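Listed here are the chains, written in short residue letters.
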Amino acid sequence: MKFKPEMLKAYFVCGSQDVPEGQYETVVNAAIKAGITAFQFRDKGNDSTLSPIDRAAMAMKLRGRCAEAGIPFIVDDNVELAKQVNADGIHVGQSDEKIQRVVAEVGDQMIVGLSCSNEEEVRAANTIEGIDYYGSGPIHPTGSKADADPVIGLDGLKQLVGLTNRPIVAIGGITVADLSSVIKTGAAGSAVISLIAQSDDIDGVVKAMLQA
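Residues numbered from 1 in each chain as written. Predicted model: local features only at pLDDT ≥ 70, side-chain atom pairs only at ≥ 80, totals over all residues. Heavy atoms only, no water.

Student: When you look at the overall build of the chain in this model, what are you seeing that I'm missing?
Tutor: For the chain, the helix and strand inventory stands at 9 helices and 8 strands. Here the C-alpha radius of gyration of the chain, 16 Å, is about what a compact globule of 212 residues would show, namely 17 Å. Seen through its C-alpha atoms, the chain measures out along the principal axes to roughly 40 × 40 × 30 Å. Among the 212 residues that make up the chain, the fraction classed as buried is 51%. (Helix = DSSP H or I, 4+ residues; strand = E, 2+ residues; numbered from the N terminus. Rg over C-alpha atoms; globule rule 2.2 N^0.38 Å. Buried < 20%, exposed > 50% of the residue type's maximum accessible area, 1.4 Å probe, protein only.)

Student: Explanation requested: unusual backbone geometry in the structure shown.
Tutor: Peptide bonds are mostly trans, and most non-glycine residues show a negative phi. Glycine 137 connects to proline 138 through a cis peptide bond whose omega is 0 degrees. Position of proline 138 among the secondary structure elements: in the loop between strand 6 (133-136) and helix 6 (153-161). The backbone phi angle of aspartate 77 is positive, close to 55 degrees, even though this residue is not glycine. Within the secondary structure, aspartate 77 sits in the loop between strand 3 (73-76) and helix 3 (79-84).

Student: Teacher, can you tell me more about the environment of glycine 173 here?
Tutor: By the secondary structure assignment, glycine 173 is in the loop between strand 7 (168-171) and helix 7 (179-184). Glycine 173 gets classed as partly exposed once you look at its relative accessible area, which sits at 27%. Not counting the four nearest positions on each side in its chain, glycine 173 is found in contact with His140, Pro141, Thr142 and Asp178. (Contact = heavy atoms within 4.5 Å.)

Student: Help me understand the UniProt feature "binding site: Mg(2+)" (unreviewed entry) in the chain in this model?
Tutor: Those residues carrying the UniProt feature "binding site: Mg(2+)" (unreviewed entry) are Asp77 and Asp96 in this numbering. Here lysine 44 takes part through its side chain, which lies 3.5 Å from a polar atom of the side chain of aspartate 77. (UniProt positions renumbered as here; feature names shortened; annotations may be inferred. Polar contact = N/O pair within 3.5 Å; in protein donor to acceptor, adjacent residues only side chain to side chain.)

Student: What is the right way to look at the sheet that holds strand 4 (residues 89-92) in this model?
Tutor: Sheet strands pair by backbone hydrogen bonding; their relative direction is either parallel or antiparallel. Strands sit in the order 1-2-3-4-5-6-7-8 around a closed barrel of 8 strands; the barrel is parallel. Direction aside, neighbouring strands of the sheet carry axes that sit 25 degrees apart on average. (Pairing = 2+ DSSP bridges. Axes fitted to C-alpha atoms, helices over the stretch in contact; angles between N-to-C directions.)

Student: Where do I start with helix 5 (residues 119-126) in this structure?
Tutor: Because an α-helix completes one turn every 3.6 residues, residues spaced three or four positions apart along the sequence face the same direction. The complete set of buried residues in helix 5 reads Glu121, Val122 and Ala125. Buried residues of helix 5, viewed axially, fall in a sector of 100 degrees; they line one side. The secondary structure elements touched by the buried residues of helix 5 are strand 5 (111-115), strand 6 and helix 6. Capping the start of helix 5, asparagine 118 holds a side-chain oxygen 3.2 Å from the backbone nitrogen of glutamate 120, two or three residues further along. (Arc of directions from axis to C-beta.)

Student: How do you make sense of the pattern of salt bridges when you look at a structure like this?
Tutor: For side chains bearing opposite charge, pairing can occur when the charged atoms are close. Taken as a whole and assessed by the stated rule, the structure comprises 8 salt bridges. Between aspartate 88 and arginine 63 there is a salt bridge, with the nearest N and O atoms lying 3.2 Å from each other. You can see aspartate 88 sitting in the loop between helix 3 and strand 4 and its partner arginine 63 sitting in helix 2 (residues 52-69), a full 25 residues away along the chain. The same class applies to aspartate 88 as to arginine 63, namely buried. A salt bridge links glutamate 105 to lysine 83; its shortest N-O distance comes to 3.0 Å. With glutamate 105 in helix 4 (residues 99-106) and lysine 83 in helix 3, this residue pair connects regions lying 22 residues apart in the sequence. Each member of the salt-bridge network shares a partner with another, and the members are Lys44, Asp76 and Asp77. (Salt bridge = Lys/Arg side-chain N within 4 Å of Asp/Glu carboxyl O.)

This is the structure we're talking about:
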């Protein structure tokens, strides 16, 4: 699947640890049905409720659902799993697998995303060929990632957008009230975890993301 910046408009990031036990597939299916434009499979850490075998099986199942919906299925920080399920993309953080190694391994076969939370990281990433987009934040404090970077806010996001020609998707504590402000910074869209995963109105949240 060829990368397009509009894929970042309504980007849902989620793992089994982000939803009530047994509800992962249900929540992701609801988000896909609601119209998300990309899905990142981020099932990791000690809080995951899936075994390695179940994780691979779930990834394969959700990868199929994304293919049916025509949206990219992106795996977080696991090149082997991404290859195993023929994922559309791979996303890595600054402390995950070295981005140069990931780019060399997947070539132009997958969409490649990289987390960049400050000017130094963006400028360094700009010199590396093969990256399609950056994920930047957090915009607000977030409880979804224990290892989250310092908050950059909307002003910090706007600054990073101005440092690169690559599209940036904002992430970190984003609320429905932030969505239009995120777009005004020049970012391509918002990536959210709890905003969808913990919502009682997934349709409404995704609609707001698309309308922003």
